[in-house]
Structure formats: C-alpha cells, structure tokens
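Spelled out, the chains give:
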Amino acid sequence: MQSATHYTPDPRLQQIALARQAVLHDGQSMSRTGTQAWIERSWQRCMDSGKRPNDKISFEMVAPSAMRRLVENNQILLHTARPVLQSLTRAIASTRYFAILTNVQGVVIDAHGAIDRSDRRANLITRIGTDLSECALATTAISAALSELQPIWLHRGEHFYDVNAVYSCAGAPLFGPDGACIGMLDLTGIEAAERPELKHLVAQSARSIENVLTIGQLKNPRDLLVRLNWPGRTLGDETDGLVCLNADGYVTAANQMARMMVPQLTLGAADQHASDLFAMSHSMLFDAARTQRSQAALEVPLWTGLRLHAMPVMCSKSAEPASAGLDAPVTPPPRLKDIETALIRKAVDDARGNVQKAAKTLGISRATVYRRLGATSKRS
C-alpha cells in the first residue's frame, strides 16, 4: 500500500500570510511579523486610499492619445536600455522570469524575455502602455521601487491585491544624469521559485543603463569624464562613480554611484563646479587627462576629509564607453518613426497577428499598421 504524500508548507509563504492577516485584516503592526517596514507603508497607503485586498482589478492602459507622448518622452531611455535588457534576458533565460521597463509613472515602455503571451497574467503586465503604478495596481515591485527609490524584492502575497499573489518581482529605480528618477527596471516571474538574488541583478543592470546615460552627456571634445572609486577598489568598471565636467569645470552629469560617494552632488544644483566637490583645483584633473596620466589613479580629496581615487579622461575617441569600462557604445537615439514602427510590430505580435486588434489597442487605423509594417504584416 502506497503511503500518502504529505504537503510541506512553504515557511516564507506562511510568514507572508500571517503578515497579511495581521496588517490587512486585524489592523496590527507588521513589526511583529518580520516583514519589511516599506511593505507596510505601501499597504497602508493602499488601505487609506480605499483599496481592499480582494478588490477586482483591471490592468488599464494609457489612452491611445497618450501613447505617442509615451514614446516621444522615453525614446532615449528605450534606446539606451535595449542592449542591457537583451543581456539581462540571457542571464534569466532558465528562470521563468522576464524583464519590464517602465517610465517614472510606472507605465510599461518595453518588455523582454520569455513572455508567454498565451498566459493572460503575463500578457497583461507586459503590454506597452499598461499602467503598473501603485495607484493602478497597489503594492508591486514597480510601485515600491518608484516610491522607495531603492532596489526591491517582492514575493507572492507581499503584493497588496490577492489576485497579484502569483507574481514574484525584483525592481530597481533608474536615475538620469541629473539625479532625478526617470523610470524603473523590473524582473517578474509567475508562480516561479523565489529568487531574491535577482534584486542584485536588476540593480546592476539599472546601474549599467545609468552609466551609459551619464556618459552620453559628453558632447564636446573638451569635456571631461572623471571616474571615481574608493582607495583599494579598481577603477574602470561599473561600480565607478561617473562625473562629467565641461571645459570650465562645471558638472554636466553624474551617475547615482557618484552621488553616493560625493554628497554635494545630491543637491542637484544646476551650476555646481568641480571645486564644490573636490578640495583641489579642477585644472589638475584636466592636466592629468591631457598628459595621459589618467590611466594611473589620481588621489582626490573631498571637502568632507575623505579621499577618492580618480581617473580623468578627455571626451575623445579614447573616452568612449568601450574604453572607459562599459560595453555599450554611445550612439545617437533612433528616429521616432523607427521606434513607433517597432511598437506597432510589437502590438501586432501581442495580438497574435490580429492587425485590427493591434490597431484598436494603439488607437490608429488598420491602414496605418499595414503602411508602417509593409509586406511583413499578414492580413487578419
């Protein structure tokens, strides 16, 4: 006689279930449940706005009239992120996770990876233009990363809505060269194994995008890229802080790593000068770059009394990202028409070749779809 198979509860899911009961139903504090405080803050915001865990939700898309603005406003981010997303997809190929890129409002602008379009749960959250913000979907990794401005891991029932308890997500915010948040990068799995290490992967990938965006601000051959890191760390990789200076020594861009190393950069002043950051003449940085001494670390004192190592590089062929420790080249952003065509092609793919459905989703005519895609589209 065969013995009965015994079900072993997942301790993590049990812990999450207890936290949901305590906070969402019994009105208790999450401090006793061992769950992170930021989750309770998000849950509380959702409760205060009238949301309830068992509410029925719809995955709304932005209005068709807003779709063009969505493309126009994010074309540089889309272009910069695409090579990183492709590399990220290879890293997670065997994990049943896929990547989502949103703008700063939490609206999907791109998605990559093994997305099962026949699974409604995957298809709904990866459509271009879908609103994944806290206002729309309550607590998610997308909304949490944009609210907390830090990398996030969110597993199953830690999502606010009951219906979203099938998702496990890692998210990281994206910061532009001026220090403002411009969007977020997300890795999502559906009924997949918990992989909190993906929080580290998504944070590294976000850093790669930020670095290319920062270096892309080098416009003039007389501009200077200053790579920064702490003594004992090797200069020239993606852990470096990056600061771009114009010929007069004024800061034109910096990545998030530099803002963590040099607190003055967090002030966001438009007229910050190198002398506001470093307790030395900015001409020393330019001189080191011109005399090709930049391959050796230059010790840079900060006004805080700390010291950094610096590698200054003039904006020339030698300062392009490939030789500055980045793999992705800086190229001009694609034409808006090319991005729109790519989005139309993606909409047709999402609609499984149904051109009429794709046209309705995008708010354009079938004729426009056929014209933009040419002979590659099949009439439905």
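Residues numbered from 1 in each chain as written. Predicted model: local features only at pLDDT ≥ 70, side-chain atom pairs only at ≥ 80, totals over all residues. Heavy atoms only, no water.

Caption draft 1: Layout of the overall build of the chain. Along its length, the chain carries 13 helices and 10 strands. In the chain, once contacts between residues fewer than 6 apart in sequence are set aside, the share between residues at least 24 apart is 59%. As displayed, the chain has an accessible area near 18700 Å², and 51% of this comes from carbon and sulfur atoms. (Helix = DSSP H or I, 4+ residues; strand = E, 2+ residues; numbered from the N terminus. Contact = heavy atoms within 4.5 Å. Areas by Shrake-Rupley, 256 points an atom, 1.4 Å probe, with all protein chains shown as cover.)

Caption draft 2: Spatial organisation of the environment of Gly183. Within the secondary structure layout, Gly183 lies in strand 5 (residues 181-190). Spatially, the C-alpha atoms of Gly183 and Asn74 are 9.3 Å apart, while their sequence positions differ by 109 residues. Those residues in contact with Gly183 that lie beyond four places of it in its chain are Thr102, Asn103, Val104, Leu146, Pro173 and Leu174.

Caption draft 3: The arrangement of helix 2 (residues 37-48) in detail. When the terminal C-alpha atoms of helix 2 are compared, their 16 Å separation across 12 residues agrees well with the 16 Å that a helix rising 1.5 Å per residue should span. Turning to helix 2, its buried residues are Trp38, Ile39, Glu40, Ser42, Trp43, Cys46 and Met47. Of the surrounding elements, those touching the buried residues of helix 2 are helix 1 (11-25), helix 5 (134-137), helix 6 (141-148) and strand 3 (152-155). At the exit of helix 2 stands Gly50, carrying a positive phi of roughly 95 degrees. (Expected span 1.5 Å × (residues − 1). Buried < 20%, exposed > 50% of the residue type's maximum accessible area, 1.4 Å probe, protein only.)

Caption draft 4: Expanded view of the packing of helix 1 against helix 2. Two numbers describe how helix 1 lies on helix 2: the axes approach to 11 Å, and their chain directions differ by 40 degrees. The pairing of helix 1 with helix 2 is recorded here as oblique in orientation. Relative to helix 2, helix 1 is oriented so that their crossing is right-handed. In this structure, helix 1 contributes Ala19, Arg20, Val23 and Leu24 to the contact, and helix 2 contributes Glu40, Trp43 and Met47. Of the residues assigned to the contact of helix 1 with helix 2, the class counts are five nonpolar, no polar and two charged. (Axes fitted to C-alpha atoms, helices over the stretch in contact; angles between N-to-C directions. Parallel < 35°, antiparallel > 145°, perpendicular 65-115°, else oblique. Left-handed = near helix turned anticlockwise from the far one by under 90°. Nonpolar A, V, L, I, M, F, W, Y, C, P; charged D, E, K, R; others polar.)

Caption draft 5: Representation of the nonpolar core within the structure. Counting residues in each nonpolar core, the largest one holds 61 residues, and the members touching the most others are Leu101, Phe160, Leu187 and Ile209. Tallying contributions element by element places helix 3 (residues 64-91) first for this core, with eight residues. Discounting chain neighbours no more than four positions away, the residues touching Leu187 are Leu88, Ile92, Tyr97, Phe98, Ala99, Ser168, Cys169, Ala170, Leu198, Leu201 and Val202. Counting residues in each nonpolar core, the second largest holds 24 residues, with Leu277, Phe278, Leu285 and Phe286 among its members. (Core = buried A, V, L, I, M, F, W, Y, C linked by side-chain atoms within 4.5 Å.)

Caption draft 6: Seen up close, the sheet that holds strand 3. The antiparallel open sheet is built from five strands, whose spatial order is 2-1-5-4-3. Where the open sheet ends on each side, the last strands, each with one partner, are strand 2 (108-113) and strand 3. Ignoring strand direction, the axes of neighbouring strands in this sheet form an average angle of 20 degrees. Where strand 1 (residues 97-103) and strand 2 come together, five bridges link them in antiparallel fashion. Following the sheet pairing, Ile100 is matched in strand 2 by Ala111. The sheet strands contacting helix 6 are strand 1, strand 3, strand 4 (167-175) and strand 5, and the helix crosses strand 5 at an angle near 150 degrees. (Pairing = 2+ DSSP bridges.)

Caption draft 7: Local environment of the sheet that holds strand 8 (residues 251-254). What the five strands build is an open sheet, ordered 8-7-6-10-9; its pairing is antiparallel. The outermost strands of the open sheet, each flanked by one partner alone, are strand 8 and strand 9 (298-301). On average, each strand axis in the sheet is tilted by 35 degrees relative to the strand beside it, whichever way the strands run. In this structure, strand 6 (residues 224-229) lies alongside strand 10 (residues 307-314), joined through six bridges in antiparallel fashion. Note that in strand 10 the partner of Val226 across the bridge is Pro312. Together, strand 6, strand 7 (241-245), strand 9 and strand 10 form the strand contacts of helix 10 (residues 282-290), whose direction differs from that of strand 10 by roughly 55 degrees.

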